[in-house]
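Chain residues, written in single-letter form:
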Amino acid sequence: MLRNSVKTGMMNMVMLLSLTIGTKAFAAEFTDGPIIWGYGKHTPVQQDMKVEKNTELKVVFDVSQAGKDGTPNRGYDSVARFLNMHVANGVEIKNINLAIVVHGSATNEMRSAKAYKAKYGRENPNIELLSMLMKSGVQIVQCGQSAAYHQMANEDMIDGVEMALSAMTAHALLARDGFSQNPF
């Protein structure tokens, strides 16, 4: 009986040790930057599929769901992460062309500070991140059909956001220009 207890105890220690070792292998530190600070946290990983420094990336992200109240939309943070992690891994920023197509309930997040405050009585939590993304060369395109549905005029939008006929049109035009759609 003592032998079984010792054996069980040793097996539990081995499982705990392997969980600890496994956790340490994946408990990497996530950091922001080097392009978008405060957003887009990423971590280094051992890569089998290497990204070469001269890789050219043309990717469009689709954001249709509004973020949680009071916090920046995770969809825009994903774009910051994509940009940060690729530049941190040596891809030149000039070789990264990103776009975001916004539609659905995310449409209201494209409202300027003034228009958002007038509609919701509070600050738009996405303006800082969206401004940083646009300053870093990210193209942001608003679906015109969603804008009309949400009664948002062009002059109500954040400066720099482009209006398209529709999200479908924007995706078709970006695909024609060589952009692939990120499935996440």
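Look a little higher up for the structure.
Calculation rules
Residues numbered from 1 in each chain as written. Predicted model: local features only at pLDDT ≥ 70, side-chain atom pairs only at ≥ 80, totals over all residues. Heavy atoms only, no water. Helix = DSSP H or I, 4+ residues; strand = E, 2+ residues; numbered from the N terminus. Buried < 20%, exposed > 50% of the residue type's maximum accessible area, 1.4 Å probe, protein only. Contact = heavy atoms within 4.5 Å. Salt bridge = Lys/Arg side-chain N within 4 Å of Asp/Glu carboxyl O. Axes fitted to C-alpha atoms, helices over the stretch in contact; angles between N-to-C directions. Left-handed = near helix turned anticlockwise from the far one by under 90°. Nonpolar A, V, L, I, M, F, W, Y, C, P; charged D, E, K, R; others polar. Pairing = 2+ DSSP bridges.

Colleague: Is there a simple way to think about the overall build of the protein in this case?
Modeller: For the protein, the helix and strand inventory stands at six helices and five strands. For the protein, the sequential pattern of α-helices and β-strands runs α-β-α-β-α-α-β-α-β-α-β. Within the span of the protein, comprising 184 residues, buried residues form 36% of the whole. For the protein, the share of sequence-separated contacts (at least 6 apart) that also reach a separation of at least 24 residues comes to 68%.

Colleague: Whenever I open this one, the environment of leucine 129 confuses me. Can you help?
Modeller: Counting through the fold element by element, leucine 129 comes out in helix α4 (residues 127–135). Put simply, leucine 129 and valine 79 are 50 residues apart on the chain and 10.0 Å apart in space, counted from C-alpha to C-alpha.

Colleague: What is the right way to look at the pattern of salt bridges in this model?
Modeller: Oppositely charged side chains are able to pair whenever their charged atoms sit close together. Per the stated rule, a full pass over the model turns up four salt bridges. Aspartate 69 is the partner of arginine 122 in a salt bridge, and the nearest nitrogen-oxygen pair spans 3.3 Å. Of the two residues, arginine 122 sits in the loop between α3 (113–120) and α4 while aspartate 69 sits in the loop between β1 (57–63) and α2 (74–88), which places them 53 residues apart along the sequence. Here arginine 176 ties to aspartate 177 by a salt bridge, and the two come within 3.1 Å at their closest N and O atoms. Look at aspartate 177 and you get partly exposed, because its relative accessible area is 37%.

Colleague: Just to check I follow, could you spell out the packing of α2 against α4 for this structure?
Modeller: Two quantities define a packed helix pair, namely the angle between the axes and the distance from one axis to the other. Between α2 and α4, the shortest axis-to-axis distance is 10 Å and the interhelical angle comes to 35°. Here the hand of the crossing between α2 and α4 comes out left-handed. Where α2 approaches α4, its residues Tyr76, Asp77, Val79 and Ala80 are matched on the opposing element by Leu129, Leu130 and Leu133. Of the residues contributing to the contact of α2 with α4, the split by class is six nonpolar, no polar and one charged.

Colleague: Whenever I open this one, the pairing of strand β3 (residues 139–143) confuses me. Can you help?
Modeller: Look at any regular strand and the pattern is simple: side chains alternate between the two faces of the sheet. For β3, the buried fraction is high: four of the five residues fall into the buried class. Bridge analysis of strand β2 (residues 96–102) against β3 gives four bridges, and the strand direction is parallel. Each bridged residue has a counterpart across the sheet, and for alanine 99 the counterpart in β3 is glutamine 139. Bridge analysis of β3 against strand β4 (residues 162–164) gives three bridges, and the strand direction is parallel. Looking across to β4, one finds that valine 141 is bridged to glutamate 162.

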